[in-house]
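Now for the letters of each chain:
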Amino acid sequence: MNAGIVGIGRFLPEKVVTNADLEKIMDTSDEWIRTRTGIEERRIADDNTNTSDMGFAAAQKAIQDAGITAEDIDLILVATVTPDQPFPSVACMLQERLGAKKAAAMDVSAACAGFMYGIITGKQFVESGAYKHVLVVGVEKLSKITDWNDRNTAVLFGDGAGAVIVGEVSEGRGILSFELGADGTGAKHLYQDEYIIMNGREVFKFAVRQMGESCINVLEKAGLTKEDVDFLIPHQANIRIMEASRQRLELPVEKMSKTVHKYGNTSAASIPISIVEELEAGRIKDDDLIVMVGFGGGLTWGAIAIRWGK
Ligand code: UT7
């Protein structure tokens, strides 16, 4: 049995904060942010919209897209480092709000790689036959743990949510291979005290090396090569990091998803948000071979090679 993505949805807050807006509140410039990160604007959730609200909106769309009901969901995994509160989990909040009565529920803490951790965990339950439908949500309200006086981090992040239903897909389609990893010795480079604290250069070096490696590794595990790849969806952290992965796969620019300019780094939400963007633009088709790769605080990383379609 092959597990794949059978439904998808996303939610982005309406409020747009541009680089010009940030110039007014901190010592930065549109030019610096664009050239160093590729970010032009990001979405920021209002005070009345919490992580669970965004996750709920994205999850509803994914359920509808999959053509199932909330009661068909067996497990809810919410990848987030910005839960509404330490407990109960956002997953339990969604279980109640969705009416997913039979679903088990828990949050996954793997920072920006959380969505990859979630989807790969969901795949195991589906392929073992234990569960039929796993709802995986990547959602962050990073604005609430951002130090708006720290220009090193404040310009990078945005809020948003993406959700998928992992379920059985037809033969030849679905998740062909995966890689997950962690290196706790790098925990000191990216963590939350009260706010996000980051050693940007160290995270940058790690990301460039690890994203490229993971892309190659999942292709090898699936018995495929760079030439087989139709599309790359990297975690949208920084265009320079993303470009390094694209070059490692020797893909032309139009074969890499780029949403970082519009939404900034939305951590665990960035990959599912980008998948929806590409589907809506018609750049992903059934049977395309797609590589998705993420990295984040922990340090953590994860990648999959997936043959698109149900
Ligand atoms: O999802 C994972 C989350 N983390 C990441 O993805 C972060 C990975 N790292 C990065 O993306 C990059 O390291 C940054 C974008 C954070 C920084 O880019 P960089 O090219 O590594 O710049 P830098 O840290 O070496 O800083 C260069 C200069 C510094 O000034 P000095 O010391 O050379 O005078 C910074 O103080 O740029 C300065 N700077 C800024 N200037 C204007 C740092 N942030 C800003 C800013 N505006 N927002």
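The structure presented is a predicted model; accordingly, all values stated were derived computationally and were not measured. (Residues numbered from 1 in each chain as written. Predicted model: local features only at pLDDT ≥ 70, side-chain atom pairs only at ≥ 80, totals over all residues. Heavy atoms only, no water.)

A. Structural view of the site of the ligand. Within the structure, the ligand sits among 21 residues, and Thr28, Arg36, Cys112, Arg201 and Asn238 are positioned closest to it. Within the contact set of the ligand, an oxygen atom lies 3.1 Å away from a side-chain nitrogen or oxygen of Trp32. Contact between the ligand and Arg36: an oxygen atom at 2.6 Å from a side-chain N or O atom of the residue. Starting from 950 Å² of accessible surface for the ligand in isolation, the protein chains cover 77%. Most atoms of the ligand, that is more than half of them, are within 2 Å of grid points of the largest pocket. At the level of elements, helix H2 (30-37), helix H6 (151-154), helix H7 (200-221) and helix H8 (239-248) are the ones that each hand at least two residues to the shell around the ligand. Broken down by element, the residue count for the shell around the ligand peaks at 4 residues, all from H7. Tallied by class, residues from the shell around the ligand come to 10 nonpolar, 7 polar and 4 charged. When residues of the shell around the ligand are assigned to domains, at least three fall in each of domain 1 (2-169) and domain 2 (174-307). (Near = heavy atom within 4 Å. Polar contact = N/O pair within 3.5 Å; in protein donor to acceptor, adjacent residues only side chain to side chain. Areas by Shrake-Rupley, 256 points an atom, 1.4 Å probe, with all protein chains shown as cover. 1 Å grid on protein atoms, 1.4 Å probe; cavity = no way out; pocket = protein on both sides within 12 Å on 5 of 7 lines; lining within 4 Å. Sits in = over half its atoms within 2 Å of the grid points. Helix = DSSP H or I, 4+ residues; strand = E, 2+ residues; numbered from the N terminus. Nonpolar A, V, L, I, M, F, W, Y, C, P; charged D, E, K, R; others polar. Domains from an automatic or database assignment.)

B. Representation of the pairing of strand E13 (residues 300-307). In terms of burial, E13 is a largely internal element, 7 of the 8 residues being buried. Pairing geometry for strand E8 (residues 174-182) and E13, over 8 bridges, is antiparallel. Pairing of Glu179 across the sheet is with Ala303, part of E13. As paired elements, strand E12 (residues 289-296) and E13 share 8 bridges and run antiparallel to each other. Bridged to Val291 within E13 is Ala305. What sits between the antiparallel neighbours E12 and E13 is a turn of 3 residues, in which Gly298 has the positive phi angle 145°. (Buried < 20%, exposed > 50% of the residue type's maximum accessible area, 1.4 Å probe, protein only. Pairing = 2+ DSSP bridges.)

C. Quick peek at unusual backbone geometry. Along the chain, Phe87 connects to Pro88 via a cis peptide bond; the corresponding omega equals 0°. For Pro88, the location among the structural elements is in the loop between strand E4 (75-79) and helix H4 (90-98). Backbone geometry places Ala111, a non-glycine residue, at a positive phi of 50°. Among the residues examined, Ala111 registers a relative accessible area of 15% and is labelled buried. With a phi close to 55°, Glu250 is a non-glycine residue in the positive phi region. Structurally, Glu250 is set in the loop between H8 and helix H9 (260-263).

D. Highlighting the pattern of salt bridges. Overall, the coordinates contain 19 salt bridges when judged by the stated rule. The partner of Lys205 in a salt bridge is Glu202, and the shortest N-O contact between them spans 3.1 Å. Of this pair, Lys205 and Glu202 both sit in helix H7, separated by 3 residues, roughly a single helical turn. Here the salt bridges do not stand alone but share partners, grouping Arg10, Lys262, Glu277 and Glu280 into one network. (Salt bridge = Lys/Arg side-chain N within 4 Å of Asp/Glu carboxyl O.)

E. Representation of the sheet that holds E12. Strands sit in the order E8-E13-E12-E11 across an open sheet of 4 strands; the sheet is mixed. Edge strands, defined here as strands with exactly one partner in the open sheet, are E8 and strand E11 (231-234). Mean inter-strand twist for the sheet, computed between neighbouring axes without regard to direction, equals 10°. Docked against the sheet, helix H5 (residues 114-127) engages E8, E12 and E13, running at close to 130° with respect to E8. Packing against the sheet, H7 makes contact with E8, E11, E12 and E13, and its axis sits at approximately 145° to E12. (Axes fitted to C-alpha atoms, helices over the stretch in contact; angles between N-to-C directions. Contact = heavy atoms within 4.5 Å.)

F. A look at the state of the cysteines. Applying the stated criterion to the full structure yields 0 disulfides. The thiol of Cys215 is unpaired, and the distance to the nearest cysteine sulfur, on Cys112, comes to 16 Å. (Disulfide = S-S within 2.5 Å.)

G. Layout of the packing of H7 against H8. At a minimum axis separation of 9 Å, H7 and H8 run at an interaxial angle of 30°. Regarding the angle of H7 to H8, the classification is roughly parallel. Of the two possible hands of crossing, H7 and H8 adopt the one that is right-handed. Contact with H7, carried on its side by Phe204, Ala207, Val208, Arg209, Met211, Gly212, Glu213 and Ile216, involves Arg240, Ile241, Ala244, Ser245 and Arg248 of H8 and no other residues of that element. (Parallel < 35°, antiparallel > 145°, perpendicular 65-115°, else oblique. Left-handed = near helix turned anticlockwise from the far one by under 90°.)

H. Representation of the environment of Glu220 in the model. Topologically, Glu220 is positioned in helix H7. Along the chain, Glu220 and Ser270 lie 50 residues apart, while their C-alpha atoms are 25 Å from each other.

These values are about where atoms sit, not about what they do.
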